[in-house]
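In case you want the letters, here they are:
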Number of protein chains: 2
Amino acid sequence: MGKLQKSIDKRNALVKATIELVNNNGFHATPMSKIAKMAKVSPATIYLYFENKQDLVNKTYIEVKAKYTKYAFSNYDETMPVEVGFKLIWNRIADFKLKECENAMFLAQCDNTPMIDEVSRQEGIKHLQPLLDLWERGRQDGIIKPLSDYLLYAYAINPLSFLMMIQKRGVFKLDKVHLEEAYQSAWSSIKVCQ
Amino acid sequence: MGKLQKSIDKRNALVKATIELVNNNGFHATPMSKIAKMAKVSPATIYLYFENKQDLVNKTYIEVKAKYTKYAFSNYDETMPVEVGFKLIWNRIADFKLKECENAMFLAQCDNTPMIDEVSRQEGIKHLQPLLDLWERGRQDGIIKPLSDYLLYAYAINPLSFLMMIQKRGVFKLDKVHLEEAYQSAWSSIKVCQ
DNA sequence: TATAAAAAAATGAATGTTCATTCTTTTTTT
DNA sequence: AAAAAAAGAATGAACATTCATTTTTTTATA
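Residues numbered from 1 in each chain as written. Chains lettered and ligands numbered in written order. Predicted model: local features only at pLDDT ≥ 70, side-chain atom pairs only at ≥ 80, totals over all residues. Heavy atoms only, no water.

## Structural notes on the overall build of chain A
Counting its secondary structure elements, chain A contains 11 helices and 0 strands. Reading chain A from its N terminus to its C terminus gives the helix and strand order α-α-α-α-α-α-α-α-α-α-α. Viewed in the frame of its principal axes, chain A has a C-alpha envelope of about 60 × 35 × 35 Å. Expressed as a percentage of the 194 residues in chain A, the buried residues total 50%. Pairs at least 24 residues apart make up 68% of the contacts formed inside chain A by residues separated by at least 6 positions. Entry remark: accessible area of chain A is about 9,200 Å², with carbon and sulfur atoms responsible for 56%. Charge-centre separation for chain A: the mean point of 27 positive side chains lies 8 Å from the mean point of 22 negative side chains. (Helix = DSSP H or I, 4+ residues; strand = E, 2+ residues; numbered from the N terminus. Buried < 20%, exposed > 50% of the residue type's maximum accessible area, 1.4 Å probe, protein only. Contact = heavy atoms within 4.5 Å. Areas by Shrake-Rupley, 256 points an atom, 1.4 Å probe, with all protein chains shown as cover. Lys, Arg positive; Asp, Glu negative; His and termini not counted. Charge placed at Lys NZ, Arg CZ, Asp CG, Glu CD.)

## Some details on the protein's contact with DNA strand D
Taken together, 17 residues sit near DNA strand D, with A:Met32, A:Tyr47, A:Lys53, B:Ala44 and B:Thr45 positioned nearest. Within 4 Å of the protein, the contacting atoms of DNA strand D are drawn from sugar and phosphate to the extent of 71%. One of the side-chain N or O atoms of A:Tyr47 is found 2.7 Å from a phosphate oxygen in DNA strand D. Elements represented by at least two residues in the surface near DNA strand D include exactly helix H1 (3-25) and helix H3 (43-49) of chain A together with helix H1 (3-25) and helix H3 (43-49) of chain B. Take the surface near DNA strand D: its biggest share by element is 4 residues, from H3(B). Broken down by class, the residue content of the surface near DNA strand D amounts to 8 nonpolar, 4 polar and 5 charged. (Near = heavy atom within 4 Å. Polar contact = N/O pair within 3.5 Å; in protein donor to acceptor, adjacent residues only side chain to side chain. Nonpolar A, V, L, I, M, F, W, Y, C, P; charged D, E, K, R; others polar.)

## Examining helix H9 (residues 149-156) of chain A
Of all 8 residues in H9(A), 6 are buried, a share of seventy percent or more. If you check which residues of H9(A) are buried, you get A:Leu151, A:Leu152, A:Tyr153, A:Ala154, A:Tyr155 and A:Ala156.

## Some remarks on the interface of chain A and chain B
Across the contact, 42 residues belong to chain A and 42 residues belong to chain B. Interface area for chain A against chain B, summed over the two sides, is near 3,500 Å², with a carbon-plus-sulfur share of 65%. Among the residues chain A hides against chain B, the three largest losses belong to A:Asn112, A:Tyr150 and A:Tyr155. Together they make up 19% of the total. Here chain A and chain B share 0 salt bridges between them. Where chain A packs against chain B, one counts 9 residue pairs in polar contact (both at pLDDT 80 or more). With 8 residues, the top contributor of residues to the side of chain A that touches chain B is helix H11 (residues 176-190) of chain A. For the side of chain A that touches chain B, the class distribution of residues is 21 nonpolar, 15 polar and 6 charged. (Buried area = accessible area lost by both parts, 1.4 Å probe. Salt bridge = Lys/Arg side-chain N within 4 Å of Asp/Glu carboxyl O.)

## Some words on the UniProt feature "DNA-binding region" (unreviewed entry) in chain A
Per the UniProt entry, the sites bearing "DNA-binding region" (unreviewed entry) are residues 31-50 of chain A in this numbering. Helix makes up 70% of residues 31-50 of chain A and strand 0%, and the two end C-alpha atoms of the span are 15 Å apart. (UniProt positions renumbered as here; feature names shortened; annotations may be inferred.)

## Quick look at the domain arrangement of chain A
All names here are of chain A. According to the domain assignment, chain A consists of domain 1 (1-49) and domain 2 (54-190). Domain 1 and domain 2 are separated by 27 Å when their C-alpha centres are compared. Residue-level contacts link 12 residues of domain 1 with 12 residues of domain 2. Per-residue buried area on domain 1 facing domain 2 is highest for Ile19, Asn23 and Phe27; these three make up 47% of the total on that side. Applying the counting criterion to the domain 1 and domain 2 interface returns 1 salt bridge. When the shortest N-O distance is used, the salt bridge between Arg11 and Glu63 registers 1.9 Å. Elements that contribute at least two residues to the side of domain 1 that touches domain 2 include exactly H1 and helix H2 (32-38). A total of 7 residues in the side of domain 1 that touches domain 2 trace back to one element, the largest contributor, which is H1. (Domains from an automatic or database assignment.)

## Looking at the UniProt feature "domain: HTH tetR-type" (unreviewed entry) in chain A
Mapped onto this numbering, the UniProt entry gives "domain: HTH tetR-type" (unreviewed entry) at residues 8-68 of chain A. Along residues 8-68 of chain A one finds 79% helix and 0% strand; the C-alpha atoms at either end are 20 Å apart.

## So, the protein's contact with DNA strand C
In the vicinity of DNA strand C, 18 residues are found, and the nearest of them are A:Ala44, A:Thr45, B:Met32, B:Tyr47 and B:Lys53. Taking the atoms of DNA strand C that fall within 4 Å of the protein, sugar and phosphate contribute 66% of them. In the environment of DNA strand C, a phosphate oxygen lies 2.3 Å from a nitrogen or oxygen atom belonging to the side chain of A:Thr45. Residue B:Met32 places a main-chain N or O atom 2.5 Å away from a phosphate oxygen belonging to DNA strand C. Elements with a contribution of two residues or more to the surface near DNA strand C: H1 and H3 of chain A together with H1, helix H2 (32-38) and H3 of chain B. With 4 residues, H3(A) is the single largest residue contributor to the surface near DNA strand C. Looking at the surface near DNA strand C, its residues break down into 8 nonpolar, 5 polar and 5 charged.

Below, the structure written as structure tokens:
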């Protein structure tokens with residue numbers, strides 16, 4: 001195995017350990033020493049890859065966010081009709097939140113916490129543009145309500161975070177039927193009523 | 001001022017300081033010493049009122065959650081028609097999230113973080129019953145979609161947390177018009193389409 | 001190709017700080 | 001005068017980060 005690959009593996013192991021430990025204990029209760037142990041690395045080695053703990057968590061956030069948006073748009077292209085495109089993206093996001101639960105949990109925690117730098121937060125938002133473009137198209141065609149992107153996100157996408165969270169907490173199990181119902185609610189909340 | 005009142009004041013000051021500091025720095029970065037300083041009390045005094053830091057934050061959570069639900073239902077009574085009752089409660093919750101921003105932020109952070117004991121979390125949920133009863137009535141009358149309470153909460157209420165969060169972050173200002181739009185989206189997402 | 005010197009990467013232990021909690025003393029209330 | 005409440009300082013543990021060594025990898029030479 002090449003030196004470069006080994007470096008990449010080590011870095012990935014650190015990021016993965018960070019996600020898992022922060023999910024279970026929160027940022028404040030995950031010492032660098034535990035992250036190191038879980039990644040099978042010396043604590044000192046972390047500092048060869050990241051400046052410090054804050055940098056580690058910022059970079060982890062940005063990477064997970066990038067993975068999220070890449071996943072969300074993987075089978076979308078902008079020539080699709082608005083409703084088709086939205087359904088596609090919505091389902092991919094739902095998939096991500098339910099299948100890539102660790103990653104999604106981590107994002108939820110970062111997004112509701114002063115754990116992350118404002119700069120990294122901004123960096124993370126960038127890649128959502130295709131969805132915003134789709135909405136703009138929908139508004140112009142009179143298919144989607146003329147609401148701010150924030151409102152549309154709040155009603156069409158954000159509820160999935162809540163559902164993922166309670167599902168993870170074990171109090172509720174989201175099955176195929178629920179998912180279809182959730183989609184209908186999401187779409188109802190932003191579509192123009194005929 | 002009586003001894004009891006003085007005790008209450010001191011305890012309230014501690015709870016208030018906890019909320020403010022945790023909002024700004026997160027649980028991990030708010031030392032007991034800072035909480036004590038902000039509440040104008042010796043660090044040792046905190047331990048006369050709370051067992052330890054975890055207990056302080058658990059109790060704070062439960063109190064804020066109780067305040068939230070009390071606020072939400074203050075002008076609701078269960079003889080109201082479903083749609084009227086829902087609008088009333090929704091608006092009170094919106095008010096709380098926007099006017100009692102510190103409290104709402106604190107709850108959002110607690111709800112997306114392993115900061116709080118599972119026991120305290122359960123304790124906090126209890127008081128939401130009137131809303132669940134209203135929804136049950138709405139489902140039976142064919143006014144509200146036959147969805148699980150979790151789904152209804154995810155679409156009708158939870159988006160307000162997201163909107164509060166981004167508003168607090170300064171990236172978006174929620175005005176009267178937005179609020180009415182938000183209500184329409186919330187209601188659209190859970191009402192049965194005629 | 002084999003070997004050794006140099007460079008890079010990785011390590012475990014050490015350092016200094018921060019912090020939750022407790023202890024002893026002082027102040028306030030009864 | 002006794003009891004209760006509060007205080008500030010002390011304690012000891014946990015932790016992020018750095019330091020001095022060791023191990024691994026690369027490069028240069030024969």
